[in-house]
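Residues per chain are reported as follows:
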Amino acid sequence: MKFIPEQLDPITRTFVEAHPGGSAVVVTSRPQRVRYLVTALILLLLLKFRWDYFLFLVTAFLMFWYAAAVIFRGLAAILSWFGHGEESVSDAEVAVLKDDELPVYTVFLPLYHEANIAAKLVRNMGRLDYPKDKLEVLLLLEADDEETREALSRTGMPDCCRVLTVPDAPPKTKPRACNYGLAEAKGEFCVIYDAEDAPEPDQLKKAYAAFRRDPEKNVLCVQAKLNYFNSRYNLLTRLFTIEYSTYFDLTLPGYQLFRLPLPLGGTSNHFRTEILRKVGGWDPFNVTEDCDLGLRIYEYGYRTLLINSTTWEEANSQVGNWMRQRSRWVKGFIQTHLVHYRNPFATVRRLGYYGAFGGFLAVGGSAMMMLTNLVFWAVLLLYAGLLVHGALHGIPVADQIVGPRFDAAYEGIRIGRLSLKAWPLVYYGPGEDPFWSIFSRIFFVGSLIMFLANFIFIAIGVVACIKRKFYHLIPASFLMPFYWLLISLAAWKGFWQIFTKPFYWEKTKHGLTDDTEPHKEETA
């Protein structure tokens, strides 16, 4: 889908014109398409004529990024466990803030078909511990969303709340609505919340205190942690909560400490309003605008901090709804990678080698691993099945792995003319090529490390549960590999939509569970 300037509203058109090549309105540039096509052709030729080189290159590439993810996430978890990485604002520091010294703060609430939770969101905003005469809450509604507009009118909104109608024009996305709010914002600082969010009451004050520690204004964004108030509802909400606890309590603090680009969470991002306007706000065509903005903040030389405040959200409790949400997230990660890595050499010039490495690890590499997980698990299960079949027919497992030493009488699993046997992973012994023999052993060890990495990530999830005192989630942590398979399925859906409907915003339904308050043990 392509848009002509006349189709776009003035604010969206301004963003696109100000960021030539830096917006997801162009999914892939012509040089990108040529580069990807040439790479695919080379790999296909290798697969046909030198499949060993093909396996070597592809496996080495994936192994490098899996190893990098294990190292960085493992170190991040260790450092975060000991309290490093996040910006801690004490209750005493919040208590000394005087109302007359506080700046005006704007809250963006982009809404679409949220009539069922209109009263709840107004109530949650009313709980914010901030002077109401210095609080501006902009309820951003699409022009065709009459049901939410009517529901809000019945809630008795406080004076600090104001409905802002976003004109009907493409694309109909959350970042486009936020840009309309940004153009109208009166606050020195601003924050974005989702419809179902219940931020801790003192979050705005904590964010302001964190900004105040930076008189040079190098910090553009302060990110609050996200977690879920309905983790006990079913198995899916348990697994989702473990994932978020791991990401916001262990991974992001470590990434902040490593000074890597931080993909922002989709909510509870606090900004200096004027500087946010200077960097352009949000890309209206990116369906994970938070991820894109996180990289753009790094590109402009600003920093993001993570603070010790939590916004409680509703974890998706229905698989179909979760799949729509997650496929959109992965699609947005791919969009962000395609935008920021259109020209790898230009990316290195903008971000530096370390920043380009970190950005790929956090965004493009993350999407790649979500996609390839399904392939790796399928190959692993196939190989394990073939090993068992061979063992049951008298072929020792060692002889199947180190080879080739198969008994000629063993035919494996016959499917028509096809014979399936466990292929050797290590080539060792007389007659083997020394080069490939050495590399087969290296790759065998690497494969074992990749397999064991799953247990490392499970352990990190357990640590995240302990850190949050979510002890009831520890048993579910051991089921995370099934959740990762679900993520991989959603990733393939998002990947397909890059080609079919890249700007389509799959709406997440909220208000599916009645549990609307954090449990006492979940507020640590």
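Residues numbered from 1 in each chain as written. Predicted model: local features only at pLDDT ≥ 70, side-chain atom pairs only at ≥ 80, totals over all residues. Heavy atoms only, no water.

Asker: Is there a simple way to think about the overall build of the protein chain in this case?
Answerer: Assigned secondary structure in the protein chain consists of 17 helices and 12 strands. Here the C-alpha radius of gyration of the protein chain, 25 Å, is about what a compact globule of 524 residues would show, namely 24 Å. Referenced to the eigenvectors of the C-alpha coordinate spread, the extents of the protein chain come out at roughly 85 × 55 × 45 Å. Partitioning the contacts of the protein chain with sequence separation of at least 6, the portion at a separation of at least 24 is 80%. When the accessible surface of the protein chain is split by element, carbon and sulfur atoms take 65% of a total near 23,700 Å². Here the protein chain holds 55 positive side-chain charges and 53 negative ones, and the gap between their average locations is 5 Å. (Helix = DSSP H or I, 4+ residues; strand = E, 2+ residues; numbered from the N terminus. Rg over C-alpha atoms; globule rule 2.2 N^0.38 Å. Contact = heavy atoms within 4.5 Å. Areas by Shrake-Rupley, 256 points an atom, 1.4 Å probe, with all protein chains shown as cover. Lys, Arg positive; Asp, Glu negative; His and termini not counted. Charge placed at Lys NZ, Arg CZ, Asp CG, Glu CD.)

Asker: How do you make sense of a nonpolar patch on the surface when you look at a structure like this?
Answerer: A grouping of Val-375, Val-379, Leu-382, Trp-423, Leu-425, Trp-492, Phe-495 and Phe-499 is seen on the molecular surface, where their side chains present a nonpolar patch of about 710 Å² in accessible area. Listing elements by their share of the nonpolar patch, those giving two or more residues are α13 (344-392) and α17 (480-500). The residue Leu-425 is located in the loop between β11 (418-420) and β12 (426-427) in this model. Under the relative-accessibility criterion, Leu-425 is labelled partly exposed at 30%. (Patch = residues over 30% accessible without salt bridge, like charges linked within 9 Å, V, L, I, M, F, W, Y side chains within 5 Å. Salt bridge = Lys/Arg side-chain N within 4 Å of Asp/Glu carboxyl O. Buried < 20%, exposed > 50% of the residue type's maximum accessible area, 1.4 Å probe, protein only.)

Asker: Any chance you could explain the pattern of salt bridges here in plain terms?
Answerer: Any two side chains of opposite charge can pair, on the condition that their charged atoms come close. On inspection of all chains with the given rule, the structure shows 21 salt bridges. For Lys-225, the salt bridge goes to Glu-86, with nearest N and O atoms at 2.4 Å. One end of the pair, Lys-225, is in strand β6 (residues 219-228); the other, Glu-86, is in the loop between α3 (51-81) and α4 (91-95), with 139 residues separating them in the sequence. Taking relative accessible area as the criterion, Lys-225 reaches 7% and is therefore assigned buried. Close ionic contact of Arg-326 with Glu-243 constitutes a salt bridge, the shortest N to O distance being 2.8 Å. Of this pair, Arg-326 sits in helix α12 (residues 319-340) while Glu-243 sits in helix α9 (residues 235-257); the two residues are 83 residues apart in sequence, bridging distant segments of the chain. With respect to class, Arg-326 is no different from Glu-243; both count as buried. When salt bridges that share partners are traced, they join Glu-86, Lys-225, Asp-249 and Arg-468 into one network.

Asker: Any chance you could explain the sheet that holds strand β4 (residues 189-192) here in plain terms?
Answerer: Strand pairing within a sheet occurs via backbone hydrogen bonds; the two strands may be parallel or antiparallel. Read from one edge to the other, the open sheet built from 8 strands follows the order β3-β2-β1-β4-β7-β6-β8-β5, with strand pairing classed as mixed. For this open sheet the edge positions go to β3 (161-166) and β5 (198-199), each flanked by a neighbour on one side alone. Pairing geometry for β6 and strand β7 (residues 269-272), over 3 bridges, is antiparallel. In the strand pairing of β7, Gln-223 is matched with Asn-269. (Pairing = 2+ DSSP bridges.)

Asker: I tried to follow the pairing of β7 on my own but got confused; where do I start?
Answerer: Within a regular strand, the side chains alternate between the two sheet faces. Side chains of β7 alternate between two faces, with Asn-269 and Phe-271 and His-270 and Arg-272 buried alike. Sheet topology note: the β4/β7 ladder contains 4 bridges and is antiparallel. Note that in β7 the partner of Ile-192 across the bridge is Asn-269.

Asker: Explain unusual backbone geometry here, please?
Answerer: Excluding glycine, most residues fall at negative phi; most peptide bonds, likewise, are trans. A cis geometry characterises the amide bond from Pro-170 onward to Pro-171, with omega recorded as -10°. Position of Pro-171 relative to the elements: it lies in the loop between β3 and α7 (174-184). For Lys-217, which is not glycine, the phi dihedral falls at a positive 60°. Summarising the element assignment, Lys-217 is placed in the loop between α8 (203-212) and β6. A positive phi angle, close to 65°, is found at Ser-268, a residue other than glycine. Mapped onto the fold, Ser-268 is located in the loop between α9 and β7. For Ser-268, a relative accessible area of 0% translates into the label buried.

Asker: Help me out: how do you make sense of the nonpolar core in this one?
Answerer: Most often, soluble globular proteins have nonpolar side chains that are buried together. Counting 69 residues, the largest nonpolar core has Phe-240, Tyr-244, Tyr-255, Trp-322, Leu-361, Tyr-483 and Trp-484 as the members making the most contacts within it. In terms of residue count, the dominant contributor to this core is α13 (11 residues). With residues up to four places along the chain from it excluded, the contact list for Phe-240 reads Tyr-228, Ala-315, Asn-316, Trp-322, Gln-325, Arg-326, Trp-329 and Tyr-483. Ranked by size, the runner-up nonpolar core spans 38 residues in total, among them Leu-121, Ala-207, Val-219 and Ala-224. (Core = buried A, V, L, I, M, F, W, Y, C linked by side-chain atoms within 4.5 Å.)

Asker: Would you explain α7 in this entry?
Answerer: Along an α-helix, a turn takes 3.6 residues, which lines up residues three or four apart on a common side. With 9 of 11 residues buried, α7 is to be regarded as a mostly interior element. Those residues of α7 lying buried are Lys-174, Pro-175, Arg-176, Ala-177, Cys-178, Asn-179, Tyr-180, Gly-181 and Leu-182.

Asker: What's the story with a negative patch on the surface in this structure? I'm lost.
Answerer: Taken together, the side chains of Asp-99, Asp-100, Glu-101 and Asp-133 make up a negatively charged region of the molecular surface. Mapping Asp-100 onto the fold places it in the loop between α4 and β1 (105-111).

Asker: Please clarify how the side chain of Ser-488 should be interpreted in this entry.
Answerer: Within the secondary structure, Ser-488 is located in helix α17. Look at Ser-488 and you get buried, because its relative accessible area is 0%. Leaving out residues up to four positions away in the same chain, Ser-488 has contacts with Met-370, Leu-371, Asn-373 and Leu-374.

Asker: How should I be thinking about the environment of Met-125 in this particular structure?
Answerer: Locating Met-125 in the fold gives a position in helix α5 (residues 118-126). Judged by its relative accessible area of 3%, Met-125 falls in the buried class. Distance from Met-125 to Pro-158, taken between C-alpha atoms, is 9.6 Å for residues 33 residues apart in sequence. When neighbours within four sequence positions are excluded, Met-125 is seen to be in contact with Val-107, Leu-109, Val-137, Tyr-193, Asp-197 and Pro-199.

Interpretation in functional terms is not warranted from these geometric data alone.
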